[in-house]
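Overview (structure and organization)
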There are 2 protein chains.
Amino acid sequence: MDIPTFDNIKSAYMLIHEHVHRTPVLTSSALNEMAECSLFFKCENFQKTGSFKFRGATNAVLSLSGSGSEKGVATHSSGNHAAALALAAKKQGLRSFIVMPRSSPFNKVAAVRSYGGDITFCDNNLVSREETLERVIKETGATFVHPYDNFNVVCGQGTAAMELLEDHPDMEALFVPVGGGGVLSGSAVSAKALTPGIKVYGCEPENADDAYRSFTQGDIVPSVNPSTIADGLRTSLSQLTFRIISKYADDIFTVSEQEIIDAMRLIWERMKVVTEPSSAVALAAVLKHPEAVKGKTAGIILTGGNADLLNLPFDRG
Amino acid sequence: MDIPTFDNIKSAYMLIHEHVHRTPVLTSSALNEMAECSLFFKCENFQKTGSFKFRGATNAVLSLSGSGSEKGVATHSSGNHAAALALAAKKQGLRSFIVMPRSSPFNKVAAVRSYGGDITFCDNNLVSREETLERVIKETGATFVHPYDNFNVVCGQGTAAMELLEDHPDMEALFVPVGGGGVLSGSAVSAKALTPGIKVYGCEPENADDAYRSFTQGDIVPSVNPSTIADGLRTSLSQLTFRIISKYADDIFTVSEQEIIDAMRLIWERMKVVTEPSSAVALAAVLKHPEAVKGKTAGIILTGGNADLLNLPFDRG
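Residues numbered from 1 in each chain as written. Chains lettered and ligands numbered in written order. Predicted model: local features only at pLDDT ≥ 70, side-chain atom pairs only at ≥ 80, totals over all residues.

1. With respect to the relation of the copies chain A and chain B
The second copy of the chain is related to the first by a rotation about an axis and a shift along the axis. Rotating chain A by 180° about the axis while translating it 0.0 Å along that axis superimposes it on chain B, leaving an RMSD of 0.0 Å. Such a combination of rotation and displacement between the chain copies is what one expects of a two-fold axis. Residue V273 of chain A of chain A places its C-alpha closer to the rotation axis than any other residue of that unit, at 2.4 Å. Interface residue correspondence from chain A to chain B reaches 100%, placing this contact among same-surface, isologous pairings. (Least-squares fit on C-alpha atoms with pLDDT ≥ 70 in both. Contact = placed C-beta atoms within 7 Å.)

What follows is the structure in C-alpha cells.
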C-alpha cells in the first residue's frame, strides 16, 4: 500500500466535505495559563457520530462506489469506527455489518444500533474478532473497511488537521492521540505539508505504548491485551500507519492513567466539553512536556466525545 | 428604575465586547430531528467563568468606574453571579466580597476562590443572605451589584441574545431559562428589537415556577424555598425583571425535574457539551411544546456549564 500524500488528503476533503462537519476550534485561557502556551483544540468530539472516525469512514464508503459496494461494508471495532462506518454506509443507502467484542461499552453498541448497523458479537480477543469478521464477510459479501490499515480511511482522518492548520497556519506543534495510528498518520501528512516547520507528536497511554516502542525501535511492536481507560487507543499500529508515523512524526509521548483522567477532567471542567478518555491523552502529554510547548502555539486534536456518562472516572481527590 | 432599551444593550456591548467571549452557536442534527425544528444553541457555557453572568457582571463593574468603586464590589449569590463578579472585579484590579450560603455547590465556591473573591458564608435563607451582605458592605464600603435587579446587569445579559440574532436574524422563537429573570429580560429586549416577529419564551422548573405564576397573575409571586436540581433558577423575579418580562415575553413554560434531567443528558450525549441543569430547562421546554417550534428555527440560550462532575443526575433508566 502506498503512503498517502497531501494531494490524496485534499482529494478526500473534496469528496467528504459536504458530508462532515467543519468542527470548531476552541481555546481556553485557563488551560493556556496552566500550560504556558497557546492551545487550539480541534473539536472532533463535535463531529457526526462523535468522533473524527466519521471522516475516514465517509471517505472509504464514498471511494467504494461502483466497485461491488452494493453488498454493504463490514468491520470489526469496539467503538467509534463502528458507529462512523454504520452512519457513513446508511447515508449512502448501504448496509453495514459490524463485529463488536461482547465487552464493548454500552453507549457505543447503542450508537451502532441507532445508525442501523447489523451487529455480530464476538469474544474479547483479536483472533475471535478476525474470525468472526471473516465469517460475516463470507456470508454477506460485504467489503471490509479496516479502522486504520486502509489508505482511504487514513486520508479522511487527515482532513481534521488540514482544517485546523488552514485556520491557524502558524502552529508550531501538533499533539495527536495514537491507537492504531490512523488520525496521527493523516494529521502528520497534512501538518508537514501545510506547515513544514511544525513538530508532530503522537500521544499514547503508557499502558498501551506500542507506538512509542515501535517508533523508537524502528519495527512494529504490538501491544498485548493492553489495559487503559483510553479505550480508543488499545489497538496497535499497522504496517501502513507505522510507515507514515516513522517518516513524519517527531516523537511519541506516553502518559499515565492518572494523567489521562486529570487531563480529561480539566477539559470537562474548564472547557465545558464532553470528551472521551482517549481524547484527553493529547492534553496530558502537553502538560507533561512543557519543553515542547512553552511559549508556543500548539494544536490538539480532541478526537472524540463518546464518554459513558454512567461510568465516569472522576473522584473527589 | 427604567426598563433598558435596545440602545442600552448596544452600549453595554460596546463596553464589554473586548472582555467577553463571542460564544459559538452549535447545532445538532439529532436534536433537530427529535424536536422537528432547527435549533441554534448559544453556548454561554463557554463564556468566561462558565456562564452568561460574566456579561452582566462585567458591564456592571465597568459602569461603576470612578463612582466610589475603588472599595470593591459585593454581592450575595450561591453560584455563577458570584464567580462572574469576582473575575470581573479582579480584571479591573478591584476587590470583591461575596456572601454565599453554606450549602453552595463545592465547585462554585472553589471557582469564586480561584478568582480572588473574599467569601463570607451565611445561612441558607434570604434573610441571612441579606443581613450578612449588609454587614459586609458596612465593613468594607464595597458597592452592591445585585445578580439581576440591576439595570447594567440586565443590559449585559442581553448581549448574548443580541449576538445570536445578529448571526441568525430570521429566528422565529427564542427559549431562555428564567430564575431571577436577568437573562430572560435582557434577551427579550434584544430579540424584540432585532427580530420584531420573534416569540420569546421563559423556561422554568415546575418546582420554582414563580415567573410563570407572576406572569399569568400580573403580579410578583415569589417562590418560597423552591426545591429543584436547576440550582441557578431558585431565585424569584425582581421588580425590574418582572416589568420587562411582563412587557416583552410571550409565555413562560414550566418543566418537571425529570424533563430537566432528560434534556441535560441529551445535551451531554448528543452535543458533547457540558451544561448545568439550569441550562437544560430551555431544551426541556422545546421538547415539551412542539406546537411552539415545529418546522421553525428556534434559539436556545445555554446559560452555563458549571456542573458538579462528582454529583451528576444520570442513571441507567
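2. Topic: the sheet that holds strand β3 (residues 73-76) of chain B
All names here are of chain B. Here four strands make up an open sheet; going across it, the order is β5-β4-β3-β6 and the pairing parallel. Pairing within the sheet leaves two strands with one partner each, and these edge strands are β5 (118-122) and β6 (143-144). Strands in contact with helix α4 (residues 80-91) are β3 and β4 (96-101); relative to β4, the strand with the most contacts, it is inclined by about 170°. (Pairing = 2+ DSSP bridges. Helix = DSSP H or I, 4+ residues; strand = E, 2+ residues; numbered from the N terminus. Axes fitted to C-alpha atoms, helices over the stretch in contact; angles between N-to-C directions.)

3. So, the environment of F97 of chain B
Residue and element names in this part refer to chain B. Residue position: F97 is located in strand β4. In this structure F97 comes out as buried when scored by C-beta crowding, with 26 C-beta atoms within 10 Å. On a C-alpha basis, the gap between F97 and A12 in space is 24 Å, while along the polypeptide they are 85 residues apart. Among all residues touching F97, those that are not within four sequence positions of it are G72, A74, D118, T120, V136, T140 and A142. (Buried ≥ 20, exposed ≤ 12 C-beta atoms within 10 Å, placed from the backbone.)

4. Regarding the environment of R95 of chain A
Residues and elements named next belong to chain A. Position of R95 relative to the elements: it lies in the loop between α4 (80-91) and β4 (96-101). Between the C-alpha atoms of R95 and A74, which are 21 residues apart in sequence, the distance is 8.6 Å. With near-sequence residues (within four places) excluded, R95 lies in contact with G72, A89 and D118.

5. Topic: the sheet that holds strand β6 (residues 143-144) of chain A
Residues and elements named next belong to chain A. Taking strand neighbours across the sheet as the criterion, the four strands line up as β5-β4-β3-β6 in an open arrangement whose pairing is parallel. This sheet does not close on itself; its edge strands, each paired only once, are β5 (118-122) and β6. Relative to β5, β4 is paired through five bridges, and the arrangement is parallel. If you follow I98 over to β5, its bridge partner there is I119.

6. Overview of the packing of helix α3 (residues 53-64) of chain A against helix α7 (residues 151-167) of chain A
Residues and elements named next belong to chain A. Remark: α3 packs on α7, axes separated minimally by 7 Å, with the N-to-C direction vectors making an angle of 135°. On the basis of the axis angle, α3 is oblique to α7. Seen along the crossing, α3 lies across α7 with a hand that is right-handed. Here R55, G56, A57, T58, N59, A60 and S63 of α3 lie close against α7, whose contacting residues are N152, V153, V154, C155, G156, Q157, T159 and A160. Tallied by class, the residues present in the contact of α3 with α7 amount to six nonpolar, eight polar and one charged. (Parallel < 35°, antiparallel > 145°, perpendicular 65-115°, else oblique. Left-handed = near helix turned anticlockwise from the far one by under 90°. Nonpolar A, V, L, I, M, F, W, Y, C, P; charged D, E, K, R; others polar.)

7. Examining the domain arrangement of chain A
Residues and elements named next belong to chain A. Parsing chain A into structural domains produces domain 1 (6-52 + 151-302) and domain 2 (54-144). Computed over C-alpha atoms only, the centres of domain 1 and domain 2 are separated by 24 Å. Across the boundary between the two partners, domain 1 contributes 22 residues, which contact 18 residues of domain 2. Secondary structure elements with two or more residues in the side of domain 1 that touches domain 2: α1 (6-16) and α7. If one sorts the elements of the side of domain 1 that touches domain 2 by residue count, α7 sits on top with eight residues. (Domains from an automatic or database assignment.)

8. As for the pairing of β4 of chain B
Residues and elements named next belong to chain B. With respect to burial, β4 is a largely interior element, five of its six residues being buried. Following the backbone out of β3, through α4 and into the adjacent parallel β4, one traces a crossover that is right-handed. Where the polypeptide runs from β4 across helix α5 (residues 106-114) and back to β5, its parallel neighbour, the crossover connection is right-handed. (Right-handed = clockwise from strand over helix to strand, strands pointing away.)

9. Let's talk about the nonpolar core
Of all hydrophobic cores here, the largest spans 204 residues; its most connected members are F175 of chain A together with F175 of chain B. Not counting residues within four places of it along the chain, the set of residues in contact with F175 of chain B comprises Y201, C203, A282, A285, V286, A298 and I300 of chain B. (Core = buried A, V, L, I, M, F, W, Y, C linked by C-beta atoms within 7 Å.)

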